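# Inside the fold
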Amino acid sequence: MEWTARSATAGQRKQRRRDGTLRIGAFWPYSRTLLPSLEIARQNPDVLELDSHILFAQTIENIGLDFALIADGYAPASEAVSRTGFQDPSTNATILSVPLFLATQHLGIISTMHTTFLHPVVIARLGSHLDWISGGRWGWNIVNGFRDHEARLFGFDKKVDGYALAQEAVDIAGALWQRTPEAVSYEGKYFKVDGKMRRPVPQMLPLLVSAAASTQGLAFAAANCDYLFTSSLTKPVVQETAGTLRKNAEQTGREPPRILILCDLLIRDTPGTAQQTFADLLGSTDPEAQKTWASHLSKIGDTRPNAAEIMSLVGTPDEIAEQIIELHRDCDLMGGFAFRMLLWGPEEAKRLAPVLSQLQKAGIWTPPASRDHSW
């Protein structure tokens with residue numbers, strides 16, 4: 001495949017503005033399969049072929065998606081995980097963002113960076129350049145680093161207060177990102193910084209998001225973030241999360257973050273076909289690897305029995321559009337969706353086009369290319 005880098009910074013830089021409409025994005029296929037399944041991996045492209053990522057990014061931008069969220073990690077959770085191609089091998093969220101930005105014009109990209117494993121000066125420096133390359137389309141998914149097998153890889157042999165550490169990292173990065181930067185002098189429990197970072201710096205604070213699930217994590221998101229990614233399985237859980245965010249935000253004097261629901265997506269034109277295909281895919285998962293992953297999720301404070309499950313939108317374009325419109329109507333702080341496509345590639349992405357068309361007609365979403373603002 002041949003591709004030409006587009007002018008990522010051409011034209012006027014877009015600003016952020018809340019307008020009540022949804023933001024629709026893709027949970028990026030950062031490994032060959034997003035569930036531990038040899039069958040799903042077999043049907044997907046090679047995750048280490050860059051052209052596949054670029055084509056997927058250009059396709060989702062052309063149909064109108066707002067953003068992509070790229071998850072990341074450093075160590076495989078188990079041999080079973082690696083055997084199925086789930087999370088191993090995987091892309092690096094920071095590095096992959098660069099060619100995707102250069103290949104697109106409107107697509108926002110949110111990179112995961114771990115505050116436990118990366119110094120906040122490094123995060124601020126990387127973020128500044130991703131903001132520059134993209135013309136302001138970059139966002140930071142703040143992850144504190146909760147997995148024991150990754151902590152061991154970095155030599156951590158004792159527990160830290162992950163959100164207290166993350167708060168220091170966000171404070172330092174924010175200070176370094178000031179438009180008229182002065183020397184930053186900061187000494188906390190986890191970090192000490194004294195000096196001035198080389199430019200460039202972002203023209204405005206980059207988009208900050210979190211996928212927190214614990215009580216402490218929701219408080220952190222309310223105090224710092226523009227969006228919360230949630231794997232809430234049902235509408236009542238989304239509502240409960242929104243209530244918690246509002247209460248926490250009132251204590252900080254900020255607007256509460258909007259909620260982006262992480263959910264599985266599978267679209268087929270014939271009624272019933274998507275449901276059967278989706279059931280077959282879920283039935284192909286490796287039990288040992290799935291159990292390992294569920295145990296890691298439980299360690300971030302999400303104690304739901306079904307913590308490894310997420311909401312699913314499965315059906316025809318009409319059925320899925322109807323469900324999205326209903327969620328937008330009924331759920332407080334509803335900001336949009338990050339769709340996890342178990343089968344990823346251009347043809348699967350194109351199936352979203354008629355759904356987006358219906359959302360636009362309903363007045364709850366507009367294509368990013370037509371807006372004078374992003375996010």
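Source: prediction; values computed, not measured.

### Topic: the overall build of the protein
Along the protein, the regular secondary structure elements total 14 helices and 13 strands. Taken against the 2.2 N^0.38 rule, which gives 21 Å for 375 residues, the C-alpha radius of gyration of the protein at 20 Å falls within 12% of a compact globule. Once the C-alpha set of the protein is aligned to its principal axes, its extents read approximately 60 × 50 × 45 Å. Taken over 375 residues, the protein has a buried fraction of 55%.

### Here we look at a nonpolar patch on the surface
On the surface, a cluster of nonpolar side chains totalling about 350 Å² of accessible area is made up of Y74, L153, F154 and F156. Its location among the elements puts L153 in helix α6 (residues 148–153). On the basis of relative accessible area, L153 is assigned to the exposed category, the value being 53%.

### Overview of the pairing of strand β11 (residues 311–315)
Of all 5 residues in β11, 4 are buried; the element is thus mostly enclosed. Across 5 bridges, the pairing between strand β10 (residues 258–267) and β11 is parallel. Paired with D264 across the two strands is S312, which belongs to β11.

### Details of the pattern of salt bridges
A complete count under the given rule lists 12 salt bridges for this structure. The shortest N-O distance in the salt bridge between R83 and D286 comes to 2.7 Å. With R83 in helix α3 (residues 79–84) and D286 in the loop between α10 (273–283) and α11 (287–298), this pair connects stretches of sequence that are 203 residues apart. Classification of D286 as buried rests on a relative accessible area of 17%.

### Describing helix α9 (residues 235–252)
Each α-helix turn comprises 3.6 residues. Residues three or four places apart therefore point the same way. With 18 residues, α9 should cover 26 Å at 1.5 Å per step; its first-to-last C-alpha distance of 26 Å lies within 8% of that length. Of the positions making up α9, those classed as buried are V238, T241, A242, L245, N248 and A249. End-on, the buried residues of α9 take up no more than an arc of 135°, which puts them together on one face. Every exposed residue of α9 that faces more than 90 degrees away from the buried side is listed here: P236, E240, K247, E250 and Q251.

### A short note on the packing of aromatic side chains
The full count for this structure, using the stated rule, is 14 aromatic pairs. A centroid spacing of 6.3 Å and a plane angle of 85° characterise the contact between W140 and W177, whose relative ring orientation is edge-to-face. Within this pair, whereas W140 is found in strand β5 (residues 138–143), its partner W177 is found in the loop between α7 (162–176) and β6 (184–187), the two being separated by 37 residues in sequence. Looking at W140, the relative accessible area reads 0%, which means it is buried. Its relative accessible area of 4% is what places W177 among the buried residues. The rings of F67, Y227, F229 and W375 are connected pair by pair, giving a single aromatic cluster.

### Details of the nonpolar core
The biggest cluster of nonpolar side chains holds 95 residues, and the ones touching the most others in it are I24, W28, W140, I324, F337, F339 and L352. In contact with F337, other than residues within four places in its own chain, are L22, R23, I24, G25, F67, L260, I261, C263, L313, I324 and L327. If you look at the next biggest cluster of nonpolar residues, it comprises 9 residues, including A274, L281, V314 and L342.

### Considerations on the side chain of N224
Among the structural elements, N224 can be located in helix α8 (residues 215–224). A distance of 2.8 Å separates the side chain of N224 from the side chain of Q167, its partner in a polar contact.

### Overview of the environment of S231
When you line up the elements, S231 lands in the loop between β9 (227–230) and α9. In this structure, the C-alpha to C-alpha distance between S231 and L262, residues 31 residues apart in sequence, is 5.1 Å.

### So, unusual backbone geometry
Look at the link from D88 to P89: it is a cis peptide, with omega at 0°. By secondary structure assignment, the location of P89 is in the loop between α3 and α4 (93–102). Here the amide bond leading from R199 into P200 is cis, since omega sits at 15°, within 30 degrees of zero. The residue P200 is located in the loop between β7 (192–195) and β8 (207–210) in this model. At L333, a position not held by glycine, the phi torsion is positive, near 60°. Inspection of the secondary structure assignment puts L333 in the loop between α12 (317–330) and β12 (334–340). Judged by its relative accessible area of 5%, L333 falls in the buried class.

### Structural notes on the confidence of the model for the protein
This prediction gives the protein a mean pLDDT of 91; 92% of its residues lie at or above 70. Confidence drops under a pLDDT of 50 for residues 300–305, and excluding neighbours within four residues, the segment shows 11 contacts in the predicted structure.

### Quick notes on the side chain of N141
Checked against the element boundaries, N141 lands in strand β5. When residues no more than four places from it in sequence are discounted, the contact partners of N141 are L69, I110, S111, T112, M113, V209, S210 and A211.

### With respect to the environment of V193
Here V193 lies in strand β7. By relative accessible area, which is 8% here, V193 ends up buried. With 106 residues separating them along the chain, V193 and Q87 place their C-alpha atoms 34 Å apart. V193 has contacts with H119, V121, I172, V184, S185 and Y186, leaving out every residue within four places of it along the chain.

Cut-offs and rules
Residues numbered from 1 in each chain as written. Predicted model: local features only at pLDDT ≥ 70, side-chain atom pairs only at ≥ 80, totals over all residues. Heavy atoms only, no water. Helix = DSSP H or I, 4+ residues; strand = E, 2+ residues; numbered from the N terminus. Rg over C-alpha atoms; globule rule 2.2 N^0.38 Å. Buried < 20%, exposed > 50% of the residue type's maximum accessible area, 1.4 Å probe, protein only. Patch = residues over 30% accessible without salt bridge, like charges linked within 9 Å, V, L, I, M, F, W, Y side chains within 5 Å. Areas by Shrake-Rupley, 256 points an atom, 1.4 Å probe, with all protein chains shown as cover. Salt bridge = Lys/Arg side-chain N within 4 Å of Asp/Glu carboxyl O. Pairing = 2+ DSSP bridges. Expected span 1.5 Å × (residues − 1). Arc of directions from axis to C-beta. Phe/Tyr/Trp six-rings, centres within 6.5 Å; stacked < 30°, edge-to-face > 60°. Core = buried A, V, L, I, M, F, W, Y, C linked by side-chain atoms within 4.5 Å. Contact = heavy atoms within 4.5 Å. Polar contact = N/O pair within 3.5 Å; in protein donor to acceptor, adjacent residues only side chain to side chain. pLDDT = per-residue confidence, 0-100.

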